[in-house]
Amino acid sequence: MQEIKENKMGYLPEKKLLFTMSLPIIISMLVQSIYNVVDSIFVSRISEDALTAVSLSFPIQNLMIAVGVGTGVGVNALLSRYLGMKEYKRANSVATHGMLLSLFSYLIFFIIGLLFVDKFFISQTDSQIVRDFGADYLSVIALFSIGVFVQITCERLLQSTGLTLYTMFTQMTGALVNIILDPILIFGLFGFPALNVKGAAIATVIGQCSGAVVGLILNFVKNKEIKISLKNFKLDMTMIFRIYEIGLPSIVMSSIGSVMVFFMNKILILFTQTAVAVLGVMFKLQSFIFMPVFGLSNGMVPIIAYNYGARKPQRIKNTIKIAIIAASIMTFVGFLIFQIFPDLLLSLFDASKDMKEIGRACLRRVSLSYLVVGFSIVAVSVFQSMGHGFMALLESFLRQLIVLLPSAYLLSKTNVLENVWYSFFIAEIFAAVISFVFLKKIYEKEINKLDKLKQNLDK
């Protein structure tokens, strides 16, 4: 096979490379955040019950994203590593397997949407109107979720080869389609029937499918370093195992988030149903802060994986340091916004006086965790990019299930709702300490060892 020239991830200055790789992802994720928030803003105009129903749907939606992104993390890291090692045939195999796995993931959630949506809402609330709104919304999201899985996979393939600019096109396509269709389908504009929350769900899946189509076109036309093809393709269970060896911890890690939200909703609904709506709003607003940081860390993953495969330890170290500083600045800005403007943010969701009072306390207390969370997000991405998915999984498990939920439960026993929100800050402080310990271990046992090996080879 003809030798392909060195990928930019192996020689471009780290600061320029990281921001070149990350900026398109950050922009696209910000757009994604906008349409997630706009979705809830429109739904809140129906009623607070509708907003609560969408908030209760979050664990299943998050589970879909967890499976798609987790599989994508495995594909991304493994594909980038093979490219760094110049093993192009294996890289193509990873890409094709990744696309097939996205279709398999869709089939799982199609079955969930067909059989389990009603049972899911019955387990969470006694309000029939909330159950009805929730079933209308979530059944559409699950039954037509093929778009989200294909779109995520296509984006990870583009990221793996450094073509992060094109991921912005897929995200923006989906977001813009959703934003345009939301008011039309929810409120029945331009002759369309008013579909309420079901209209919001239909707008979402059409947006996701639009992004998926753009992603497929870009990979087949613009992504020259890999080739997705079923010609002479053989299903390789070892390849699938390697993808999920890296990606499964990410899936479980994000799935833990779904479990956490499910039980947090159960804790909060004992105080008032409005608190559940506030938690949903908080997660939507928080995405404005976290999505750019996730974009930064996603841009970092292939850089570290590539340079690990290419044995360039100093580039790995420099990239990690730059990412931690940038992520910490982003989350600090988010902390200031939530502390200073909580009422303004809540007003976007047509918040009642009661919802504003609860939401104000929520945003100010939860945002305390932003002072340390940037470091933790970058550290977890480092674990994943270097094949230590278990470390990322353990950090998430300890933070959300061992610290956050028990803290929230114990604080709820004070019978003061405002105290429950402090559980997020307690959990993130713990996570930052654990992440530091794990990152120090990786530096000492792998990155520094690689550095010494390189020095010996240079001699």
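Below is a summary of the structure that appears in this document.

Scoring rules and cut-offs
Residues numbered from 1 in each chain as written. Predicted model: local features only at pLDDT ≥ 70, side-chain atom pairs only at ≥ 80, totals over all residues. Heavy atoms only, no water. Helix = DSSP H or I, 4+ residues; strand = E, 2+ residues; numbered from the N terminus. Contact = heavy atoms within 4.5 Å. Core = buried A, V, L, I, M, F, W, Y, C linked by side-chain atoms within 4.5 Å. Buried < 20%, exposed > 50% of the residue type's maximum accessible area, 1.4 Å probe, protein only. Polar contact = N/O pair within 3.5 Å; in protein donor to acceptor, adjacent residues only side chain to side chain. Patch = residues over 30% accessible without salt bridge, like charges linked within 9 Å, V, L, I, M, F, W, Y side chains within 5 Å. Areas by Shrake-Rupley, 256 points an atom, 1.4 Å probe, with all protein chains shown as cover. Salt bridge = Lys/Arg side-chain N within 4 Å of Asp/Glu carboxyl O. Expected span 1.5 Å × (residues − 1). Phe/Tyr/Trp six-rings, centres within 6.5 Å; stacked < 30°, edge-to-face > 60°.

1. Observations concerning the environment of Ser254
Position of Ser254 relative to the elements: it lies in helix α9 (residues 237–269). In this structure, the C-alpha to C-alpha distance between Ser254 and Phe397, residues 143 residues apart in sequence, is 9.4 Å. Ignoring any residue separated from it by four or fewer positions in sequence, one finds Ser254 in contact with Asn62 and Ala66.

2. As for the nonpolar core
The biggest cluster of nonpolar side chains holds 109 residues, and the ones touching the most others in it are Met264, Leu268, Phe383, Trp421 and Phe424. No other element matches the 16 residues that helix α10 (residues 273–309) contributes to this core.

3. Description of the side chain of Gln124
Examined against the element boundaries, Gln124 turns out to sit in the loop between α4 (117–122) and α5 (128–143). Apart from residues no more than four positions distant in its own chain, Gln124 is found in contact with Leu56, Phe262, Asn265, Lys266 and Ile269.

4. Structural notes on unusual backbone geometry
The residue Asn196 is not glycine, and still its phi comes out positive at about 55°. For Asn196, the location among the structural elements is in the loop between α7 (164–187) and α8 (197–221). With a phi angle near 65°, Asn415 is a residue other than glycine that sits in the positive phi range. Assignment of secondary structure puts Asn415 in the loop between α15 (389–412) and α16 (417–420). What makes Asn415 exposed here is its relative accessible area of 65%.

5. Observations concerning the side chain of Thr71
Along the chain, the position of Thr71 falls in helix α2 (residues 48–84). A polar atom in the side chain of Thr71 sits 2.8 Å from the backbone oxygen of Val67. Setting aside residues up to four positions removed in sequence, Thr71 forms contacts with Leu101, Ser105, Ile243, Tyr244 and Ile251.

6. Some points on a nonpolar patch on the surface
On the surface, a cluster of nonpolar side chains totalling about 930 Å² of accessible area is made up of Ile325, Ile329, Phe332, Val333, Leu336, Ile337, Ile340, Phe341, Leu344 and Leu371. With seven residues, the top contributor of residues to the nonpolar patch is helix α11 (residues 313–340). Looking at the element boundaries, Phe332 is found in helix α11.

7. Examining the pattern of salt bridges
Within the structure shown, the criterion is met by seven salt bridges. Between Arg399 and Glu428 there is a salt bridge, with the nearest N and O atoms lying 3.5 Å from each other. A residue pair is termed long-range when its members are at least 10 positions apart, and Arg399 in helix α15 and Glu428 in helix α17 (residues 422–458) qualify at 29 residues. For the pair Arg399 and Glu428, one class covers both residues: buried. Lys440 is paired through a salt bridge with Glu444; the nearest N and O atoms lie 2.6 Å apart. Highlighted residues: Lys440 and Glu444, both in helix α17, separated by four residues, approximately one helical turn. For Lys440, a relative accessible area of 42% puts it in the partly exposed group. Taken together, the shared-partner salt bridges connect Glu395, Arg399 and Glu428 into one network.

8. So, α5
Taking 1.5 Å of rise per residue, 16 residues should cover 22 Å, and α5 covers 22 Å from first to last C-alpha, within 8% of that figure. Where α5 is concerned, the buried positions are Val130, Arg131, Phe133, Gly134, Ala135, Tyr137, Leu138, Ser139, Val140, Ile141, Ala142 and Leu143.

9. Notes on the packing of aromatic side chains
Aromatic ring pairs are described here by two measures, namely the spacing of the ring centres and the angle between the planes. The final tally for this structure, using the stated rule, is 13 aromatic pairs. Measuring from centroid to centroid gives 5.2 Å for Phe262 and Phe263, while their planes differ by 90°, and the two rings are edge-to-face. In this structure Phe262 comes out as buried when scored by relative accessible area, which is 17%. A relative accessible area of 40% means that Phe263 is categorised as partly exposed. One aromatic cluster is present, formed by Phe120, Phe121, Phe262 and Phe263 through successive ring pairs.

So far we have only geometry, and geometry alone does not tell us how the molecule works.
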